[in-house]
Amino acid sequence: MSRQVPAVLENTAPPSTLWSRMKADPQFAPEHLALEAVLRLGPEAAGWLARMRAERPGAGPDELAALAVKRFTTLARVSGAVSGAAGLPGAVIDVGVLAWTQARMVLHVAAAHGLDPAAPERATELLVLQRVHKIAETARTALGVAAGREHASRIFTGASGAPMARVLVTLGVRLAQMAGVRAAKRVVVKVIPLGGMVLGTWANSVATRDLARRARDHYRKA
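Residues numbered from 1 in each chain as written. Predicted model: local features only at pLDDT ≥ 70, side-chain atom pairs only at ≥ 80, totals over all residues. Heavy atoms only, no water.

## Side note on the overall build of the protein chain
Each helix and strand counted, the protein chain has nine helices and zero strands in total. In the protein chain, which comprises 222 residues, the proportion classed as buried is 49%. Sequence-distant contacts in the protein chain: of pairs separated by 6 or more residues, those separated by 24 or more amount to 78%. Surface summary for the protein chain: the accessible area is close to 10,400 Å², and the carbon and sulfur share equals 60%. (Helix = DSSP H or I, 4+ residues; strand = E, 2+ residues; numbered from the N terminus. Buried < 20%, exposed > 50% of the residue type's maximum accessible area, 1.4 Å probe, protein only. Contact = heavy atoms within 4.5 Å. Areas by Shrake-Rupley, 256 points an atom, 1.4 Å probe, with all protein chains shown as cover.)

The following block contains the structure:
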């Protein structure tokens, strides 16, 4: 699935190994994405913070967080405009790229406020901030289940065994929930050649700005 992501998005798209895990276990796609994001993107966010502190020694947490939000809101807007595949596969790719970009943003905001973006608890916070789970306790439980299912899939089949269309529907709905967009609307948007570009850009931007507001409020208090 990741091969269909346009080249301009390669560095901002979920890795192919993550797509494989999410297709094998679509019901727990957000949990797999959160775990992978902390593992891969947490160190990136920490490196970004070190560079920003060197370049802007007088910048406070709010200023640094604002820089991160601006950067990733722009990336989210671009992903909505250029994801090329149509129909259900394109919709799944689009919301997957958006959820991954949003996770990068949240981890950068956490780093800006002095928290370790690679710490395991960031995965729990991602799921709560992205409204996959209402409270941290249920998010932690789901993450544990997802980690266990990943291990089991490596031992046994390594795939869900379900028809691909059903897998894509479940995967799309779960990732859309994580990204803060409505899956049905996203599918409709993807089958409108020019309207999809405009509506996709708008929807991604709105969802990402809403998440940014929640993340900044949360990490200020933290």
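Still more to cover.
## Description of the environment of Y219
Considering the arrangement of structural elements, one finds Y219 in helix α9 (residues 195-221). Classification of Y219 as buried rests on a relative accessible area of 2%. Sequence separation of Y219 and A112 is 107 residues, and the distance between their C-alpha atoms is 8.9 Å. Ignoring any residue separated from it by four or fewer positions in sequence, one finds Y219 in contact with V106, V109, A110, H113, L115, R122, E125 and L129. Within the structure, the side chain of Y219 is placed 2.6 Å from the side chain of E125, a separation counted as a polar contact. (Polar contact = N/O pair within 3.5 Å; in protein donor to acceptor, adjacent residues only side chain to side chain.)

## Here's the deal with the packing of helix α2 (residues 29-55) against helix α7 (residues 164-179)
The geometry of α2 relative to α7 is characterised by a closest axis approach of 8 Å and an angle of 55 degrees between their N-to-C directions. In terms of their interaxial angle, α2 and α7 are classed as oblique. Contacts from A29, P30, E31, L33 and A34 of α2 reach α7 at L171, R174, L175 and M178. Classifying every residue of the contact of α2 with α7 gives seven nonpolar, no polar and two charged. (Axes fitted to C-alpha atoms, helices over the stretch in contact; angles between N-to-C directions. Parallel < 35°, antiparallel > 145°, perpendicular 65-115°, else oblique. Nonpolar A, V, L, I, M, F, W, Y, C, P; charged D, E, K, R; others polar.)

## Some points on the confidence of the model for the protein chain
Averaged over all residues, the pLDDT of the protein chain equals 82, while 77% of them reach at least 70. Here residues 186-199 is modelled with pLDDT under 50, and outside its nearest four sequence neighbours on either side it reaches 26 contacts, counting other chains as well. (pLDDT = per-residue confidence, 0-100.)

## Structural notes on the environment of T74
By secondary structure assignment, the location of T74 is in helix α3 (residues 61-82). Taking the relative accessible area as the measure of exposure, T74 reaches 36% and is therefore partly exposed. T74 sits 131 residues away from S205 along the chain, and the two C-alpha atoms are 7.7 Å apart. Here K70 takes part through its backbone oxygen, which lies 2.9 Å from a polar atom of the side chain of T74.

## Quick notes on the packing of helix α1 (residues 16-24) against α2
Direction vectors running N to C along α1 and α2 enclose 160 degrees, while the axes themselves pass 9 Å from each other. As judged from the angle between their axes, α1 and α2 are roughly antiparallel. Handedness of the crossing formed by α1 with α2: right-handed. Contact residues: α1 offers T17, L18, R21 and M22, while α2 offers A29, H32, L33, E36 and R40. Broken down by class, the residue content of the contact of α1 with α2 amounts to four nonpolar, two polar and three charged. (Left-handed = near helix turned anticlockwise from the far one by under 90°.)

## Looking at the environment of A179
You can see A179 is positioned in helix α7. Given a relative accessible area of 2%, A179 falls into the buried group. The spacing of A179 and V132 is 47 residues in sequence and 9.1 Å in space, taken between C-alpha atoms. Apart from residues no more than four positions distant in its own chain, A179 is found in contact with V95, L98, A99, Q102 and A207.

## Focus on unusual backbone geometry
Glycine aside, residues mostly have negative phi, and peptide bonds are mostly found in the trans state. With a phi close to 60 degrees, R131 is a non-glycine residue in the positive phi region. Along the chain, the position of R131 falls in the loop between α5 (121-129) and α6 (136-155).

## Concerning the nonpolar core
As a rule of thumb, nonpolar side chains are buried together in soluble globular proteins. M22, L33, L126, L175 and V181 are the most contacted members of the largest nonpolar core, which has 53 residues in total. Elements supplying a minimum of two residues to this core: α1, α2, α3, α4 (87-112), α5, α6, α7 and α9. Of the residues forming this core, the biggest block, 13 residues, is contributed by α4. If sequence neighbours within four positions are ignored, L126 has contacts with A34, A37, V38, A103, V106 and L107. (Core = buried A, V, L, I, M, F, W, Y, C linked by side-chain atoms within 4.5 Å.)

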